[in-house]
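Chain and residue survey
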Amino acid sequence: MPEKDIVLKHPKDPSALLDVIRDVQARSGRVSDAAVGRIAAHLKLSEAEVRGAVTFYHFFSLDPRGASTVYLNDSITSRMKGRQAVAGVFEEEAGCRFGEVSPDGSIGLFPTSCIGMSDQEPSAVIDGVIFTNLTPLKVRHLVRALRAGRPAQDLVGEYGDGANQSDLVRAMVVNNIRRRGPVLFGPHQLGEAVRKAVSMTPEAVIEEIKRARLLGRGGAGFPTGLKWDFCRREQQAPHYVVCNADEGEPGTFKDRVVLTELPDLVFEGMAVAGYAVGAEEGVLYLRAEYAYLRPHLEAVLAGLRRANFLGRNIAGSPTFHFDITIKLGAGAYVCGEESALLESAEGKRGEPRNRPPFPVQIGYRDRPTTVNNVETLCTAARILVHGAAWFCSMGTPKSSGTKLLSVSGDCERPGVYELEFGLTVDELLDMAGAKDAFAVQVGGASGTMIGRRDFGRRISFEDLPTGGSIMIFGPWRDLLEIAAGFMDFFIEESCGWCTPCRVGNVLLKKKLEKVLSGRGTRQDLAELESWGKLVKTMSRCGLGQTSPHPILSTLQNFRELYDAIIDQNKEHVPEFDLTEATLESARLTHRRPILGETAHE
Amino acid sequence: MNEITFSIDGKACKARPGQTIVEAAKSNGVYIPTLCHFEGLRPVGSCRICTVRSGGRYMAACTQVILEGMAIENAVPDLEDLRRAIIEMLFVSGNHFCPACEKSGNCELQALAYRCQMLAPRFPYLWPVRTIDAQAPRLMLDRNRCVRCLRCVRGILNKDGKKVFAAGLRSYEATIEVDRTLAADLAEEDARRAADNCPVGAILLKGKGFAQPIGTRRFDHAPIGSDVKKEAGR
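Residues take numbers from 1 onward in each chain, read along the sequence in its written order. All chains are assigned letters beginning at A, and all ligands numbers beginning at 1, according to the order in which they are written. This being a predicted model, a pLDDT of at least 70 is required before a residue's local features are given, and a value of 80 or more before pairs of side-chain atoms are given or counted; all residues contribute to the totals for chains, interfaces and linings.

1. A short note on helix 2 (residues 77–92) of chain B
- Secondary structure elements are taken from DSSP: a helix is a run of H or I of four residues or more, a strand is a run of E of two residues or more, and numbering for both begins at the N terminus. Residue count minus one, scaled by 1.5 Å, sets the expected span of a helix. Over its 16 residues, helix 2 of chain B runs 22 Å from end to end, which matches the ideal 22 Å to within 8%, given 1.5 Å per residue.
- Any residue surrounded by 20 or more other C-beta atoms within 10 Å of its C-beta is treated as buried, while 12 or fewer makes it exposed and the intermediate range makes it partly exposed; C-beta atoms here are placed from the backbone. Among the residues making up helix 2 of chain B, those that are buried are L82, R83, R84, A85, I86, I87, E88, M89, L90, F91 and V92 of chain B.
- Close packing links the buried residues of helix 2 of chain B with helix 19 (499–519) and helix 20 (522–538) of chain A together with strand 3 (51–54) and helix 3 (108–115) of chain B. A pair of residues counts as a contact when their C-beta atoms, built from backbone coordinates, are separated by no more than 7 Å.

Shown next as structure tokens:
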């Protein structure tokens with residue numbers, strides 16, 4: 001279809017902006033000046049605004065990205081599993097560096113943040129198709145085949161397990177479900193939860209969820225029942241349910257597995273939420289990295305409509321109507337923050353909103369909205385079926401139920417584990433086959449790095465909270481390099497809206513680099529700590545409020561690693577070496593620098 | 001109308017419901033330093049300089065609505081240092097050379113640095129490479145001085161309500177873009193407003209350099225925020 005028609009087939013509504021850009025990008029491999037003009041005219045936006053949306057997201061671009069576009073994951077686990085060698089072969093075969101397009105225009109190479117495949121790294125998204133467990137040899141064949149014009153989907157060798165094999169997915173991704181617990185993976189009869197919900201009053205549904213003390217599973221841990229209650233009580237209509245399927249925290253991938261194997265439960269959970277808060281419309285915001293699951297998810301939605309668990313008069317209810325649409329992201333970690341997600345779902349740059357007002361007050365399309373994580377919604381559906389008492393019989397007093405953990409890194413059995421809250425890190429490491437673990441990153445890049453003396457601590461909201469990401473590091477890993485890698489991630493993913501996050505993370509990384517280069521002093525460590533607190537305190541959203549954690553938690557738990565590389569005897573070492581910095585000018589002026597002073601030759 | 005009672009640094013104050021902390025403070029003669037805030041524009045809380053503390057929680061005073069009974073901490077040493085740090089961040093993350101800048105004396109960033117007693121920044125200068133967009137006929141956008149306050153994005157629309165300025169990119173590289181097509185048709189008065197709204201020297205009118213002599217400029221005689229007490233006393 002010509003680009004012009006692609007633009008015109010979309011509604012003349014600014015909220016369609018990201019959808020139009022996505023289609024144009026898919027067709028032309030870029031959004032050209034001409035396309036920007038067309039889109040702006042069609043949606044009645046300024047061209048600068050259209051450009052602003054294009055340049056915000058990883059998977060959109062104003063410049064050509066090649067006939068085939070490779071987005072090679074650049075997460076810590078990917079680096080641990082041999083990314084460097086794989087990247088080298090990509091560059092060699094394509095004949096260009098990452099960030100560039102090959103001279104013949106056939107292949108574009110680009111890095112991207114964690115794509116949710118930490119249990120099967122190194123991995124890449126190539127023309128929307130996922131490639132996992134990449135090796136130099138595989139990459140060589142892959143690039144040659146792409147260059148010969150073969151579609152990426154045809155290059156997927158063996159399919160993974162479960163629904164990954166379905167005709168609608170056909171992915172080489174494997175589920176790696178290592179432990180099936182009773183909540184998420186227990187036997188479930190389709191529609192059970194929705195039927196139960198409509199047999200109760202919405203207030204009773206909310207009451208049951210409150211009694212279960214369900215806390216949000218995405219990481220922040222807000223009480224779900226309370227959120228639904230707030231949303232329900234808002235006078236403005238309509239209300240919306242939004243499912244946050246934008247898990248971007250490095251090292252997490254459990255929602256990928258849930259969306260693959262339990263999508264009906266996710267949608268049932270959304271319907272239950274819709275019933276509880278008085279919504280008739282739900283939106284699943286799916287991260288672009290998981291776009292390969294979309295046809296599968298659409299088919300499941302269609303099935304639920306046929307079975308009357310979605311649509312009008314659901315499960316025989318005279319009053320309850322609810323349906324779900326899927327909105328795609330375009331590559332941006334910050335969109336996992338609920339208000340940024342809403343902005344993105346409305347077709348804008350994914351910049352977080354000021355809070356208050358909270359989404360339950362003013363959310364999607366400025367209406368009261370409950371935004372819940374994939375796992376939270378599934379869990380809520382199951383609580384409704386089996387009751388709060390059943391749920392509270394598992395876990396700890398403040399963290400009832402089970403949690404899905406995404407385990408990756410230096411262990412024998414990476415994958416998804418459904419476990420009761422309250423288990424110790426040691427117990428988890430045992431299950432995962434990581435006897436010699438030296439450090440564990442709990443909760444992803446924004447979480448905490450702990451060492452052996454903390455392995456007796458419990459995974460729970462009261463002790464070690466996590467949205468699910470568990471990265472394991474063996475004793476041979478350089479933890480401070482890993483912390484530096486996490487800082488690179490936050491620098492890249494900051495939306496740039498507020499000063500402390502936009503600038504502070506860069507300053508923190510620069511300071512960390514100084515320390516890693518061996519030029520650090522105790523003063524530098526003190527500054528790392530105080531600047532880290534500054535960024536946490538002053539930032540506008542959860543990203544900046546947690547981005548200094550890689551530095552702060554390693555300073556707290558691995559201080560000895562820092563102490564070993566700083567100069568203990570000096571009060572201060574400048575940021576730069578004066579002699580080195582003046583070398584070029586000294587050469588040009590035929591002078592010779594001597595210990596910071598300059599003398600004639 | 002119900003009146004809200006609250007306090008700032010122990011001083012008993014009154015406010016109208018719905019006022020932001022910045023507005024409420026101002027009407028009680030208390031100055032809270034702001035930069036991205038601009039009266040009449042939707043507050044965005046991007047610079048974070050107005051951060052205050054209430055009940056141990058930090059919040060941007062320009063976006064947070066005042067609530068009954070709030071005990072706000074404003075001019076306390078640790079907060080003042082945090083604000084100074086933010087101002088320093090803005091200085092080191094741009095290329096700000098006050099003596100050569102047309103906005104010097106009218107610049108709110110410079111004035112805040114004086115008022116908040118910034119000396120040498122605690123952070124290393126980052127010396128970013130930034131571009132200047134001088135294609136628009138009436139104005140130029142010098143990104144070296146931009147602090148991403150988003151005043152231009154919020155305030156300068158064409159007659160159809162389209163944004164003449166828009167946010168671009170992400171992260172530390174985040175920029176402000178000026179729409180070539182719309183800027184080409186920008187009326188003189190709108191261009192002047194864009195330049196006047198800009199707190200720094202990032203948006204300047206072409207052909208109008210240094211019309212106002214140094215020494216007669218906005219902050220040449222009294223620090224930024226000096227007007228607050230006067231207005232409250234009216």
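Still more ground to cover, so stick around.
2. Here we look at the confidence of the model for chain B
- Residue-level confidence of the predictor is what pLDDT reports, using numbers from 0 through 100. When pLDDT is averaged across chain B, the result is 95; 98% of the residues are at 70 or more.
- Scored as a whole, the predicted complex attains pTM 0.96, and scored at its interfaces, ipTM 0.97.

3. Describing the interface of chain A and chain B
- Chain A puts 31 residues into the contact, and the matching count from chain B is 34 residues.
- Here the side of chain A that touches chain B takes 8 residues from helix 19 of chain A, the largest share from any one element.
- The residue classification treats Ala, Val, Leu, Ile, Met, Phe, Trp, Tyr, Cys and Pro as nonpolar and Asp, Glu, Lys and Arg as charged. All others, Gly included, are polar. A breakdown of the residues in the side of chain A that touches chain B according to their chemical character gives 13 nonpolar, 9 polar and 9 charged.

4. Quick notes on the domain arrangement of chain A
- Per the domain assignment, the segments of chain A are domain 1 (3–56), domain 2 (68–157), domain 3 (178–392), domain 4 (403–473) and domain 5 (480–565).
- Either an automatic procedure or a domain database provided the assignment from which the domain bounds are taken. Each of domain 1 of chain A and domain 4 of chain A has a C-alpha centre, and the two are 43 Å apart.

5. So, helix 22 (residues 549–557) of chain A
All names here are of chain A.
- Burial of helix 22 is extensive: 7 of the 9 residues sit out of reach of the surface.
- For helix 22, the set of buried residues is H549, P550, I551, L552, S553, T554 and L555.
- Buried residues in helix 22 make contact with strand 14 (448–451), helix 18 (479–493), helix 19, helix 20, helix 21 (542–546) and helix 23 (559–565).

6. Notes on the domain arrangement of chain B
All names here are of chain B.
- Segmenting chain B into domains produces domain 1 (4–75) and domain 2 (87–205).
- Here domain 1 and domain 2 have C-alpha centroids that lie 25 Å from each other.
- On the side of domain 2, 15 residues touch domain 1, which itself brings 10 residues to the contact.
- The residue inventory of the side of domain 1 that touches domain 2, partitioned by class, reads 8 nonpolar, 1 polar and 1 charged.

7. A word on the packing of helix 2 (residues 17–28) of chain A against helix 3 (residues 33–43) of chain A
Residue and element names in this part refer to chain A.
- To obtain each axis, a line is fitted to C-alpha atoms, and for helices this fit is confined to the stretch in contact; angles are then taken between N-to-C directions over 0 to 180 degrees. It is at 11 Å that the axes of helix 2 and helix 3 come closest, and there the two elements cross at 155°. Considered as vectors, helix 2 and helix 3 are oriented roughly antiparallel to each other. The handedness of the crossing between helix 2 and helix 3 is right-handed. Between helix 2, through L17, V20, I21, V24 and S28, and helix 3, the contact on the second element is made entirely by A35, I39 and L43. The scheme is simple: roughly parallel for angles under 35 degrees, roughly antiparallel for over 145, roughly perpendicular for 65 to 115, oblique for anything else. Handedness of a crossing is defined here by the sense of rotation of the near helix relative to the far one, left-handed for an anticlockwise turn of less than a right angle and right-handed for a clockwise turn.

8. Some words on the pairing of strand 14 of chain A
All names here are of chain A.
- Strand pairing follows a simple DSSP-based rule, namely that at least 2 bridges must link the two strands. In the sheet, strand 13 (residues 439–442) pairs with strand 14 via 4 bridges, with the strands oriented antiparallel. Each bridged residue has a counterpart across the sheet, and for A439 the counterpart in strand 14 is G451.
- Once strand 13 ends, the chain turns through 5 residues before running back antiparallel as strand 14, passing G443 with a positive phi of about 95°.

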